[in-house]
Amino acid sequence: MPQDRDIAIDVQGAVKRYGTFTALKTISLSIRDNEFFTLLGPSGCGKTTLLRMIAGFEDVTEGAIYLYGDEIDTLPPHKRPVNTVFQNYALFPHMSVLDNVGFGLEMLGKSKAEARARAGEVLEMVQLSQFAARKPSQLSGGQQQRVALARALAPRPKVLLLDEPLSALDLKLRKAMQVELKHLQRETGITFIFVTHDQEEALTMSDRIAVMSAGELQQLGEAREIYEHPRNVFVADFIGDTNLMEVTVDAVSNGRAQCHLGGGHRLTCDAVDGIGPGAKVHMSLRPERLFLSADPVADESLKGRVREMIYIGTDIATIVDLDGGPQFTVRSSNSSRGNARIFEPGTEVAVNMEQGAARLLID
Amino acid sequence: MAGGGATGGTVQSETYREARTLLLLPAWVTLGLLTLAPLMIMLVYSFLTKEFRGGVIWEFSLDAYDQFFFDRGLFGDEPPKIEWTYIGIFWRSIWQAGAATILSLLIGFPTAYFIATRPEGQRAFWVFLVTIPYWVNLLIRTVSMKFLLRDEGPLNDGLIGLGVIAEPLGIVNTNLAVQLGLFYSYLPFMVLPIYAAVERYNFALSEAASDLYAPRWAVLRRIVIPSVKPGIIAGCILVFVPSLGSFLAPDLLGGAKTFMIGSLIEEQFKGNAGNWPFGAAASMILLTMVLILLLVSARQSRKEAV
Ligand SMILES: Nc1ncnc2c1ncn2[C@@H]1O[C@H](COP(=O)(O)OP(=O)(O)O)[C@@H](O)[C@H]1O
Ligand SMILES: [Mg+2]
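Computed from a prediction, not measured in an experiment: that's the story for all the values here.

Colleague: Please clarify how the overall build of chain B should be interpreted in this entry.
Modeller: Looking only at helices and strands, chain B features 13 helices and four strands. Over its C-alpha trace chain B gives a radius of gyration of 25 Å, far above what one expects of a compact globule, namely 19 Å for 306 residues. Counting only C-alpha atoms and orienting by the principal axes, one finds that chain B spans roughly 80 × 70 × 35 Å. Within chain B, buried positions represent 35% of all 306 residues. Within chain B, contacts between residues at least 6 apart in sequence are counted, and of these 62% link residues at least 24 apart. A total of about 17,900 Å² of accessible surface is found on chain B, and carbon and sulfur atoms cover 70% of it.

What follows is the structure, encoded as structure tokens:
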């Protein structure tokens with residue numbers, strides 16, 4: 001039994017089956033005290049299921065869940081000191097905003113007056129004091145979202161669970177709420193478990209991220225680690241844009257792997273345990289770690305011809321057809337330095353890569 | 001051009017108005033013939049003079065109302081005192097109907113909740129089961145109830161057989177028998193509106209409440225019941241109102257002590273002993289009370305909707 005007080009939630013070998021369908025396949029992960037932790041993955045990968053198991057709405061088919069060392073997976077939801085911000089808010093329509101926020105405290109046995117006083121404080125924290133007397137239906141989507149947040153924070157839960165809380169908001173509001181959520185997490189010191197399918201949101205907000213797919217944990221780590229050292233094809237592809245190339249490993253020596261891709265282009269990159277000579281695997285090359293030049297700057301520059309230029313705003317993406325081989329996307333910032341590396345369609349160019357840009361992946 | 005367009009619009013809306021009048025005609029005729037006209041006849045009759053063998057004499061009179069509320073002695077020449085007989089019958093009717101309504105609510109709410117929480121494909125089947133007994137005529141159902149409840153009936157036999165009681169309960173001819181009869185007569189009117197409300201209820205709210213430390217009972221009391229309240233109110237009205245004016249259950253299951261307003265009215269129009277203006281007046285008084293009840297509950301729910 002883990003007794004570590006630094007671990008807020010410990011999921012040990014949790015399995016969830018619905019009949020014959022396995023929604024979660026043996027998930028184990030530890031979420032640290034006071035951490036902004038994100039569950040990231042495409043729709044249907046089991047994020048909500050895992051969150052609901054922690055909250056107590058779904059029982060655990062196999063395995064166990066601990067909250068600061070205490071097993072909670074057999075407790076009913078109302079006995080678990082965790083609160084949830086629901087995806088569709090689930091505000092009580094017949095209660096005022098103030099009573100919505102005070103509800104949890106009342107249920108914990110606080111007097112109505114005490115509950116209201118604390119609810120008022122929390123509403124102030126999310127800048128909704130002037131709406132305390134309204135009914136939820138009289139608020140905008142963004143305001144309802146904050147009420148849901150205030151309601152879940154008011155009882156001072158040990159862990160706050162947030163299931164895609166921002167998905168219904170428009171982009172601008174969403175960005176503002178991302179900042180606010182992060183700020184609230186720091187201010188309250190409560191452990192947040194945040195669910196999203198938006199990788200950018202996950203990268204900007206999280207201390208650590210668990211990437212999930214098809215009911216399995218793919219990788220767990222800090223944003224930078226997951227982006228720059230994706231462990232497998234799924235993670236590399238799901239997080240950010242990347243050029244995924246099929247490569248064949250020719251030789252491995254001194255921690256470096258020599259590979260070639262279609263068209264005979266040669267590349268050298270860091271070797272990865274478990275990928276030896278002769279292996280046919282994937283390689284990830286982030287577009288922003290590549291740059292174009294008129295003439296090759298190194299032995300391993302790849303020769304090709306510009307097919308298309310795409311204006312993105314902050315960046316410009318150039319699509320290059322390698323001679324006799326695959327297609328590459330190269331991104332450069334829309335700045336005077338970046339624009340010096342832009343070439344018109346039809347031009348012969350060399351694709352160069354920064355140190356460590358190429359990564360071999362386990363499938 | 002702009003003027004022409006405006007004229008066209010007027011012509012069109014006139015056509016529309018005519019069509020609408022025509023389409024609404026059946027509704028107006030139905031309402032007029034089947035609701036307003038009988039009501040007006042009742043109202044007029046309640047202010048006429050009684051004919052001894054039933055029927056009325058076309059002479060204005062307040063006797064019917066006077067008889068309902070005041071006692072002027074055997075020969076009608078004493079100073080008026082309040083007549084408690086009919087008010088008492090009224091009061092008992094309200095009480096009986098109220099008890100039947102509460103009983104229906106206590107049984108009907110869990111039933112409706114149960115049905116609404118079945119998987120979607122099964123709900124129609126459960127609703128069907130609830131309504132099956134109501135394909136049988138009310139009279140026959142009420143008589144069957146008497147057979148169930150009587151001292152030699154299966155209820156008493158069963159309880160004695162199980163050793164719960166030694167003597168038959170003697171339920172028939174009591175208030176309880178009438179309440180059970182009314183309850184059984186109108187139960188679906190309680191179940192169906194509550195079922196409809198619970199089916200529309202967002203169960204995520206129950207999850208949110210239990211997430212916020214509410215035990216099951218508190219979830220029910222603080223979240224579910226307030227959310228389905230319109231269905232509960234509708235069900236209560238639909239059971240209470242017909243129970244109030246019912247005469248079958250009190251006649252068949254009750255005795256002299258359980259006489260209700262419905263039976264009183266019924267008697268005034270039956271055979272030669274009746275008093276039509278008095279029956280009409282009692283009906284108008286009943287109707288007024290029901291209207292007041294409906295208005296109060298409508299105002300209540302409007303206040304809460306804001
Ligand atoms: N009650 C249920 N019965 C059967 N399958 C379910 C149930 N709830 C979820 N699932 C399935 O489990 C998988 C994971 O669902 P979910 O956790 O909601 O995914 P996510 O939140 O990542 O989009 C999905 O394939 C979904 O269809
Ligand atoms: Mg989900």
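Colleague: How do you make sense of the side chain of Glu58 of chain A when you look at a structure like this?
Modeller: Residues and elements named next belong to chain A. Structurally, the position occupied by Glu58 is in the loop between helix H1 (47–55) and strand E4 (62–67). Judged by its relative accessible area of 16%, Glu58 is buried. Polar side-chain contacts of Glu58 include one of 3.4 Å to the side chain of Tyr18. Looking at Glu58, its side chain comes within polar contact range of the side chain of Arg52, at 3.1 Å. Glu58 has contacts with Lys16, Tyr18, Arg52 and Met53, leaving out every residue within four places of it along the chain.

Colleague: Could you clarify how one ought to interpret the interface of chain A and chain B in this entry?
Modeller: When the parts come together, some accessible area is lost, and that loss is often what is quoted as the size of the interface. The interface of chain A with chain B comprises 27 residues on the first partner and 18 residues on the second. The contact between chain A and chain B buries some 1,900 Å² in all, and 62% of this surface belongs to carbon and sulfur atoms. Between Glu106 of chain A and Arg222 of chain B there is a salt bridge, with the nearest N and O atoms lying 3.1 Å from each other. There are seven residue pairs in polar contact (both at pLDDT 80 or more) connecting chain A and chain B. Taken together, the elements giving at least two residues each to the side of chain A that touches chain B come down to H1, strand E6 (82–85) and helix H2 (97–107) of chain A. The leading source of residues in the side of chain A that touches chain B is H2 of chain A, at four residues. A class-by-class count of the residues in the side of chain A that touches chain B yields 16 nonpolar, five polar and six charged.

Colleague: Would you explain helix H10 (residues 229–244) of chain B in this entry?
Modeller: Residues that lie three or four places apart on an α-helix share one face, since the helix turns once every 3.6 residues. With 16 residues, H10 of chain B extends 22 Å from end C-alpha to end C-alpha; this agrees with the ideal 22 Å at 1.5 Å per step. Listing the buried residues of H10 of chain B in full gives Gly231, Ile232, Gly235, Val239, Phe240, Ser243 and Leu244 of chain B.

Colleague: Quick question: what am I supposed to make of the confidence of the model for chain B here?
Modeller: Segments scoring low in pLDDT should not have their predicted coordinates read at a detailed level. Residues and elements named next belong to chain B. Here chain B averages 87 in pLDDT, and 95% of its residues register 70 or above. For chain B, the element scoring lowest by mean pLDDT is helix H1 (residues 2–46), at 79; helix H8 (residues 204–211) scores highest, at 96. Of the regions scoring below 50 in pLDDT, residues 1–8 engages in zero contacts with residues more than four places distant in sequence or in other chains. What the predictor reports for the complex is a pTM of 0.82 with an ipTM of 0.84.

Colleague: Teacher, can you tell me more about the site of ligand 1 here?
Modeller: Residue and element names in this part refer to chain A. The full set of residues close to ligand 1 is Tyr18, Phe21, Ala23, Pro42, Ser43, Gly44, Cys45, Gly46, Lys47, Thr48 and Thr49. Between ligand 1 and Gly44 there is a distance of 2.6 Å, counted from an oxygen atom to a backbone nitrogen or oxygen. Between Thr48 and ligand 1, the recorded distance is 2.5 Å, taken from a side-chain N or O atom to an oxygen atom. Within the complex, the protein chains bury 60% of what would otherwise be the 560 Å² of accessible surface of ligand 1. With three residues, H1 is the single largest residue contributor to the shell around ligand 1. Taken together, the residues that form the shell around ligand 1 break down as five nonpolar, five polar and one charged.

Colleague: Hey, could you run me through the environment of Gly274 of chain A in this one?
Modeller: Tracing the sequence through the fold places Gly274 of chain A in the loop between strand E13 (266–270) and strand E14 (280–285). Each C-alpha atom, one on Gly274 of chain A and one on Pro81 of chain A, is 43 Å from the other, the two residues being 193 residues apart in sequence.

Colleague: What is the right way to read the packing of helix H4 (residues 120–131) of chain B against helix H7 (residues 175–200) of chain B from this model?
Modeller: Between two packed helices, both the angle of their axes relative to each other and the distance between the axes serve to describe the pair. All names here are of chain B. Remark: H4 packs on H7, axes separated minimally by 11 Å, with the N-to-C direction vectors making an angle of 165 degrees. Between H4 and H7, the crossing angle belongs to the class labelled roughly antiparallel. Considering the relative orientation of H4 and H7, their crossing is right-handed. Residue-level inspection shows Arg123, Val127, Val130 and Thr131 of H4 in contact with H7, the latter providing Val191, Leu192, Tyr195 and Glu199. Tallied by class, the residues present in the contact of H4 with H7 amount to five nonpolar, one polar and two charged.

Colleague: Whenever I open this one, the packing of aromatic side chains confuses me. Can you help?
Modeller: Given two aromatic rings, one states the distance between the centres and the angle between the planes to describe the pair. Scanning all chains against the criterion turns up 23 aromatic pairs over all chains. Seen in terms of ring centroids, Phe269 of chain B and Trp276 of chain B are 6.0 Å apart; in terms of plane orientation they differ by 45 degrees. Their pairing is tilted. Classification of Trp276 of chain B as partly exposed rests on a relative accessible area of 30%. Site record: aromatic cluster; members linked through ring pairs are Phe68, Phe69, Tyr86, Phe90 and Phe278 of chain B. Just above the ring of Phe92 of chain A sits the side chain of Arg151 of chain A; from NZ or CZ to the centre is 4.6 Å. The ring of Tyr227 of chain A carries Arg286 of chain A above its face, with NZ or CZ at 4.0 Å from the centroid.

Colleague: Hey, could you run me through the sheet that holds strand E8 (residues 191–196) of chain A in this one?
Modeller: In a beta sheet, neighbouring strands are held together by backbone hydrogen bonds and run either parallel or antiparallel to one another. Residues and elements named next belong to chain A. The strand order E6-E7-E8-E3-E9-E10 describes an open sheet built from six strands, whose pairing is mixed. Each edge of the open sheet carries a strand with a single partner, namely E6 and strand E10 (216–221). Strand-to-strand twist in this sheet, taken as the mean axis angle between neighbours without regard to direction, amounts to 20 degrees. Where strand E7 (residues 159–163) lies against E8, five bridges are found, and the strand directions are parallel. Within the sheet, the bridge partner assigned to Asp163 lies in E8 and is Val195. Contacts from H1 reach strand E3 (36–40), E6, E7, E8 and strand E9 (208–213), with the element oriented near 150 degrees to E7.

Colleague: I would appreciate a short explanation of the pairing of E4 of chain A in the present structure.
Modeller: Residues in a regular strand project their side chains so that they alternate between the two faces of the sheet. Residues and elements named next belong to chain A. Note: strand E1 (residues 7–18) against E4, five bridges, orientation antiparallel. The residue bridging Ile9 from the neighbouring strand is Leu67, located in E4. Two successive antiparallel strands, E4 and strand E5 (residues 70–71), enclose a turn made up of two residues, where Tyr68 displays a positive phi of approximately 45 degrees.

Colleague: What should I look at first to understand the pattern of salt bridges in this one?
Modeller: Side-chain pairing between opposite charges can occur once the charged atoms of the two side chains come close. Residue and element names in this part refer to chain A. Under the defined criterion, the tally for this structure stands at 28 salt bridges over all chains. Across the salt bridge formed by Arg116 and Asp99, the nearest N and O atoms sit 3.0 Å from each other. Pair noted here: Arg116 is in helix H3 (residues 112–125) and Asp99 is in helix H2, with a separation of 17 residues, a long-range link. Taking relative accessible area as the criterion, Arg116 reaches 37% and is therefore assigned partly exposed. The shortest N-O distance in the salt bridge between Glu201 and Arg174 comes to 3.0 Å. Of the two residues, Glu201 is situated in helix H6 (residues 199–205) and Arg174 in helix H5 (residues 171–188); the sequence distance between them amounts to 27 residues. The exposure classification of Glu201 matches that of Arg174, with both residues buried.

Analysis parameters
Residues numbered from 1 in each chain as written. Chains lettered and ligands numbered in written order. Predicted model: local features only at pLDDT ≥ 70, side-chain atom pairs only at ≥ 80, totals over all residues. Heavy atoms only, no water. Helix = DSSP H or I, 4+ residues; strand = E, 2+ residues; numbered from the N terminus. Rg over C-alpha atoms; globule rule 2.2 N^0.38 Å. Buried < 20%, exposed > 50% of the residue type's maximum accessible area, 1.4 Å probe, protein only. Contact = heavy atoms within 4.5 Å. Areas by Shrake-Rupley, 256 points an atom, 1.4 Å probe, with all protein chains shown as cover. Polar contact = N/O pair within 3.5 Å; in protein donor to acceptor, adjacent residues only side chain to side chain. Buried area = accessible area lost by both parts, 1.4 Å probe. Salt bridge = Lys/Arg side-chain N within 4 Å of Asp/Glu carboxyl O. Nonpolar A, V, L, I, M, F, W, Y, C, P; charged D, E, K, R; others polar. Expected span 1.5 Å × (residues − 1). pLDDT = per-residue confidence, 0-100. Near = heavy atom within 4 Å. Axes fitted to C-alpha atoms, helices over the stretch in contact; angles between N-to-C directions. Parallel < 35°, antiparallel > 145°, perpendicular 65-115°, else oblique. Left-handed = near helix turned anticlockwise from the far one by under 90°. Phe/Tyr/Trp six-rings, centres within 6.5 Å; stacked < 30°, edge-to-face > 60°. Lys NZ or Arg CZ within 6 Å of the ring centre and 35° of its normal. Pairing = 2+ DSSP bridges.

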